[in-house]
Amino acid sequence: MSTKTPNEDDILRPIRHTSKKYYVMLAVSAVVFTAFLGLWMIQLAEGMAVTGLSDWGSGGGVTWGLYIGAFIWWVGIAHGGIILSAAVRLLGMERYMPVARLAEMLTLAGLSAAGFYIIVHMGRPDRMVTSVLGHYHITVHNSPLVWDVTVITAYFVMTATYLALTLRYDVTRLRDQLPNHFEPLYKLLTIGYSKKEDEVIERMVWWLALAIIIMAPLLLHGGVIPWLFALLPSYPGWFGAIQGPQFLTIALTSAISGVIILSYAFRKAYDWGHIITDDIFRGLTLWLGFFAMLFLWLQLQQIVSGTFHSTTDHAYATEAKLSHPIYIGSIAIVAAVLIYIFAQTVRKSLFSKRRSIVAAVAVLAATLAEKVFFVVEGLMYPTFSLYEATPGAYWPSVIEFVSVLGTIGMVVLFFLLVAKVVPVVELHAVEHLRGGHGHDHEPEKATEEVEA
Amino acid sequence: MNLATLSMLAWDASSYLLQWRYHGDGSVVSFPGPGTWIIFGVVLMPIYVMALAWFLGKPADPKKAVMGVVYLVGIAALLWIGMLVQTLMIGVTFF
């Protein structure tokens with residue numbers, strides 16, 4: 001572990017220095033994202049016929065596919081961020097303080113990607129307003145889709161508020177070292193700031209963290225999103241109370257994987273070995289193992305209940321699932337990751353950051369595949385084989401495949417741009433690593449009231 | 001205008017505004033259903049508790065609590081007003 005002492009210059013490095021690699025990444029992610037936007041324009045012009053999706057019941061195949069699977073996947077990744085950050089604040093897990101803000105930003109980026117998928121999947125973007133918002137007072141009473149939009153909006157708003165409130169402390173104290181061309185933004189972020197507010201804001205953020213840690217995992221990814229599927233009894237592959245906890249474990253495994261990859265990228269790019277330490281990677285990898293174990297355990301529950309004296313439709317859906325290579329492959333990957341993580345806890349020499357990254361990427365690939373498979377198979381095997389007379393298959397079109405790369409490009413772009421504007425590591429984290437436990441800074445503009 | 005006519009008018013107005021109507025089986029759509037209780041009674045409960053704690057907790061600073069609420073409402077408004085503007089633009093451009 002490095003013996004360097006973290007300081008403000010370290011966390012300002014992404015803002016002040018721009019390497020060639022940065023520009024290359026910016027160009028690549030912009031090209032990938034733009035390519036998807038271009039293909040999306042084709043979809044807007046031609047309609048959903050350019051996807052591999054079909055009309056419900058009459059066209060064969062399925063109406064929900066990769067778009068919905070990837071939507072769930074992105075919301076899951078988004079969870080890790082804010083939950084990790086909230087855990088730092090509520091449970092005193094200060095070890096993870098240096099990656100807390102990166103994680104919060106991952107939540108915003110992940111939710112943006114998820115929201116984008118809803119818009120893309122709707123076919124016509126204006127339906128978000130004309131169908132969802134325009135009839136909200138009617139549909140919210142009975143539509144899980146509208147519950148979903150409500151809670152995702154709430155989650156995004158809470159996370160953005162959390163980030164905005166915690167940035168006030170940092171931006172005020174580091175203002176003189178931040179670039180002048182973003183002055184209006186910094187003024188907006190610190191509007192009405194006074195040093196006296198620190199304690200009050202800290203208390204407000206604590207309550208915000210509590211609200212998020214209850215709402216996001218238990219009521220969003222363990223609630224509203226699985227209810228899109230789990231409340232439909234005529235789809236045995238989806239139906240059942242277990243989907244809440246199952247979705248949550250998938251979210252947490254993919255979320256921790258996302259945080260591992262992101263932390264590694266920033267550590268490598270900005271020489272942050274003394275800030276995002278090996279210890280953090282070990283801890284995150286262990287959490288990944290724990291959540292992977294829960295994921296597999298709940299899959300086992302579903303397999304046992306679907307194979308041992310289950311109802312005919314449930315047995316049929318389970319049999320179809322167990323005979324598909326995508327399902328088997330996804331489960332095998334997560335199991336392999338779990339075995340590696342257990343092994344490296346027993347034999348420490350097996351741990352390396354590179355292996356953690358491989359494990360994280362593997363889990364992300366497996367959870368995306370499993371989620372898309374879950375969505376498609378649920379529709380393929382309804383009770384009474386309702387659509388047997390109109391058989392069909394589903395394979396995502398090029399546009400759907402590119403959407404995954406495009407949204408990844410969008411999230412990478414988000415980080416490349418945000419890292420140029422505000423510190424992605426909290427000032428509190430640097431103060432904590434130096435041994436002071438926060439608030440050892442006087443604001444640069446040592447005024448009682450910094451008026452915008 | 002007598003009371004019966006007034007009540008009929010109020011009935012029709014509420015039917016129009018809330019878009020409720022009878023199903024064939026006699027049940028009513030658009031009245032508060034399970035989602036109303038789940039979303040506004042359970043799922044959003046942490047937000048109500050948080051907002052109360054902002055205003056009632058110590059050290060108290062009502063101005064900062066109001067600022068927090070403005071953040072929440074402002075960001076939500078930005079999101080949906082952005083969508084509304086986009087919808088209007090689509091309407092003007094294509095329809």
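Scroll up to find the structure this text is about.
Residues numbered from 1 in each chain as written. Chains lettered and ligands numbered in written order. Predicted model: local features only at pLDDT ≥ 70, side-chain atom pairs only at ≥ 80, totals over all residues. Heavy atoms only, no water.

## Comments concerning helix α4 (residues 62–94) of chain B
Between the first and last C-alpha of α4(B) there are 47 Å, a value that for 33 residues agrees with the 48 Å anticipated at 1.5 Å per step. Taken residue by residue, α4(B) has B:Lys64, B:Ala65, B:Met67, B:Gly68, B:Tyr71, B:Leu72, B:Ile75, B:Trp80, B:Met83, B:Thr87 and B:Ile90 as its buried positions. Turning to α4(B), the residues buried within the fold contact α4 (97–121), α5 (127–133), α7 (144–174), α8 (183–189) and α9 (197–230) of chain A together with α3 (45–56) of chain B. (Helix = DSSP H or I, 4+ residues; strand = E, 2+ residues; numbered from the N terminus. Expected span 1.5 Å × (residues − 1). Buried < 20%, exposed > 50% of the residue type's maximum accessible area, 1.4 Å probe, protein only. Contact = heavy atoms within 4.5 Å.)

## Section: the side chain of A:Thr107
Residue and element names in this part refer to chain A. With respect to the helices, strands and loops of the structure, Thr107 is situated in helix α4. For Thr107, a relative accessible area of 0% gives the class buried. Leaving out residues up to four positions away in the same chain, Thr107 has contacts with Ala78, Gly81, Ile82, Tyr155 and Thr159.

## Regarding the interface of chain B and chain A
Contacts between the two partners involve 43 residues from chain B, matched on the other side by 45 residues from chain A. Across the interface of chain B and chain A, roughly 3,700 Å² is buried in total on both sides, 78% from carbon and sulfur atoms. Our enumeration of links across chain B and chain A arrives at one salt bridge. The shortest N-O distance in the salt bridge between B:Lys64 and A:Glu197 comes to 2.9 Å. Summed over the shared surface of chain B and chain A, the result is 11 residue pairs in polar contact (both at pLDDT 80 or more). Elements supplying a minimum of two residues to the side of chain B that touches chain A: α1 (3–18), α2 (34–43), α3 and α4 of chain B. Ranked by residues supplied to the side of chain B that touches chain A, first place goes to α4(B) with 15 residues. A breakdown of the residues in the side of chain B that touches chain A according to their chemical character gives 31 nonpolar, nine polar and three charged. (Buried area = accessible area lost by both parts, 1.4 Å probe. Salt bridge = Lys/Arg side-chain N within 4 Å of Asp/Glu carboxyl O. Polar contact = N/O pair within 3.5 Å; in protein donor to acceptor, adjacent residues only side chain to side chain. Nonpolar A, V, L, I, M, F, W, Y, C, P; charged D, E, K, R; others polar.)

## A look at the environment of A:Pro14
One can find A:Pro14 in helix α1 (residues 8–16). Not counting residues within four places of it along the chain, the set of residues in contact with A:Pro14 comprises A:Tyr270, A:Trp272, A:Ala419 and A:Lys420.

## Things to note about the environment of A:Ala241
Residues and elements named next belong to chain A. Its place among the elements puts Ala241 in the loop between α9 and α10 (243–270). Look at Ala241 and you get exposed, because its relative accessible area is 75%. C-alpha separation for the pair Ala241 and Ala230, spaced 11 residues apart in sequence, amounts to 6.5 Å.

## Quick notes on α9(A)
Given 3.6 residues per turn, any residue in an α-helix points the same way as the ones three and four places further on. At A:Leu220, α9(A) shows its strongest bend, of approximately 45 degrees. Most of α9(A) sits inside the fold, with 25 of its 34 residues counted as buried. (Bend = angle between axes of the 7 residues up to and from the residue.)

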